[in-house]
Structure formats: structure tokens, C-alpha cells
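Given next are the chains, with one letter for each unit.
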Amino acid sequence: MADPVQLALLTQGIAAWNNWREKHEEIMPNLSRATLIRAYLSSANLSKANLCATNLTWANLNIADLSHADLSGANLTNAYLIGANLTGASLSGADLTGADLSEANLSGANLHGAIATRANFSQAKFFKTTMPDGSIRG
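Each value, and the rule that gives it
- By convention here, each chain's residues receive numbers from 1 onward along its written sequence.
- Given that this is a predicted model, residues contribute local features only at a pLDDT of at least 70 and side-chain atom pairs are listed and counted only at 80 or more, while totals for whole chains, interfaces and linings are drawn from all residues.
- Just so you know, side-chain values use all the structure's heavy atoms and leave hydrogens and water out.
- The secondary structure listing takes helices from DSSP runs of H or I that are at least 4 residues long and strands from runs of E that are at least 2 residues long, numbered from the N terminus.
- Burial classes: relative accessible area under 20% of the type maximum marks a residue as buried, over 50% as exposed, and values in between as partly exposed (1.4 Å probe, protein chains only).
- We call two residues contacting when some pair of their heavy atoms lies within 4.5 Å.
- For this analysis, a polar contact is any N or O atom pair within 3.5 Å, provided that within protein one partner can donate a hydrogen and the other can accept it, and provided that sequence-adjacent residues contribute only side-chain to side-chain pairs.
- Note on scores: pLDDT gives the predictor's confidence for each residue, bounded by 0 and 100.
- Working definition: the arc comes from the directions between the helix axis and the C-beta atoms, pointing outward to the latter.

**Q** Which parts of the structure should I look at to understand the overall build of the chain?
**A** The helix and strand tally for the chain stands at 2 helices and 2 strands. Counting from the amino terminus, helix and strand elements in the chain follow one another as α-α-β-β. Expressed along its principal axes, the backbone C-alpha trace of the chain runs to roughly 40 × 25 × 25 Å. Relative to its 138 residues, the chain shows a buried fraction of 45%.

Okay, structure coming up:
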């Protein structure tokens, strides 16, 4: 379950969240199982965050830092991840149906078992990325 204090801080806005993250780099945020439908998280620092089974349907995560985040089983249906940094992120079993990941960096990411129907990966970067079928790309 998501940490209620961290979840409340996130709802205060990206500037407040990123400021807190900068001051508390050692904390790995726990936003697991949170409901963040249509959340505006563009440019948010969510690196190393636990976002397992989080509902991010229609969320705006454009140019967000999701490096090494755990998005296993997350619902990212129709989410916007344009230019997002997903380096080393786990998207295992995530639902990326209709998500826009154009220009995203997926180097070292794990997408094994992810559903990527109609997902847009145009100009996305793949280097040693585990694809939904288990193959390694790049």
C-alpha cells in the first residue's frame, strides 16, 4: 500500500514533490497500489519509486524520471510517457495499452509480460531491454 504521507505530498504538485525528493534522495517512495488516474506527473522525479499495481490510467508522465522504478503490474492504459526516463525500470506485467512512449528511454527496462497493444514506441530508445515476449532488444 502507498505511504499516505508520500501520496499526500505528491498531490501538492510536482514542484513540492521534486523539492522533497531532492532533499530526501535516500528515501525510495512507496506509491504502490495508489489510484492516480489522470494524474499530472509530468517532470516528476519518481526514480526508484515503488509503483507496483498503481493505477496510472490516462496519467501524464511526460519527461518524468522513472529510472529504476518498479511499475510491475501497473495500469498505464492510455498514459502519456513521452520522453520519460524508464532506464532500468520494471514494467513486468504492466498494462501499456494505448500508452504513448514515444522518445522514452527504455534502456535496461523489463517489459516481460507487459501488454503493449496499440502502444506508441516511436523513437523510443531500447538497449538491453527485455521485451514483452521475453526477448532482449538492442
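Further notes follow.
**Q** Before we go on, may I ask you to explain the side chain of Thr130 in this structure?
**A** Here Thr130 lies in strand 1 (residues 129–130). Judged by its relative accessible area of 18%, Thr130 is buried.

**Q** Before we go on, may I ask you to explain the environment of Ile37 in this structure?
**A** Locating Ile37 in the fold gives a position in the loop between helix 2 (14–23) and strand 1. Here the alpha-carbon distance between Ile37 and Leu76, two residues 39 residues apart in the chain, equals 9.1 Å. When neighbours within four sequence positions are excluded, Ile37 is seen to be in contact with Asn55 and Thr57.

**Q** What am I meant to see in the environment of Ala99 here?
**A** Along the chain, the position of Ala99 falls in the loop between helix 2 and strand 1. For Ala99, a relative accessible area of 1% corresponds to the buried category. A sequence separation of 17 residues divides Ala99 from Ile82, and the C-alpha atoms of the two residues are 9.2 Å apart. What Ala99 contacts, discounting residues up to four positions off in sequence, is Leu76, Asn78, Ala79, Leu81, Arg118, Ala119 and Asn120.

**Q** What is the right way to look at the side chain of Ser42 in this model?
**A** The residue Ser42 is located in the loop between helix 2 and strand 1 in this model. A polar atom in the side chain of Ser42 sits 3.0 Å from the backbone oxygen of Asn62. For Ser42, the residues in contact, after removing those within four places along its chain, are Ile14, Asn60, Leu61, Asn62 and Ile63.

**Q** Got a minute to help me understand unusual backbone geometry in this structure?
**A** Among all residues except glycine, the phi angle is most often negative; among peptide bonds, the trans geometry is most common. Positioned with a positive phi, His68 is a non-glycine residue whose angle comes to about 60 degrees. With respect to the secondary-structure elements, His68 resides in the loop between helix 2 and strand 1. For His68, a relative accessible area of 48% translates into the label partly exposed. The residue Glu103 is not glycine, and still its phi comes out positive at about 65 degrees. With respect to the helices, strands and loops of the structure, Glu103 is situated in the loop between helix 2 and strand 1.

**Q** I keep staring at the confidence of the model for the chain and nothing clicks. Help me out?
**A** In low-pLDDT segments, the atomic positions of the prediction should not be examined closely. In this model, the chain carries an average pLDDT of 95, and 99% of its residues clear a pLDDT of 70 or more. Predicted confidence in the chain is weakest over strand 2 (residues 136–137), with a mean pLDDT of 78, and strongest over helix 2, with 97.

**Q** Help me out: how do you make sense of helix 2 in this one?
**A** Count 3.6 residues to each turn of an α-helix, and residues three or four apart come out pointing the same way. Within the sequence span of helix 2, burial applies to Ile14, Trp17, Trp20 and Arg21. Mapping the buried residues of helix 2 onto a view down its axis gives an arc of 130 degrees, with all of them on the same face. Exposed residues on helix 2 whose side chains face more than 90 degrees from its buried face are Ala15, Glu22 and Lys23.

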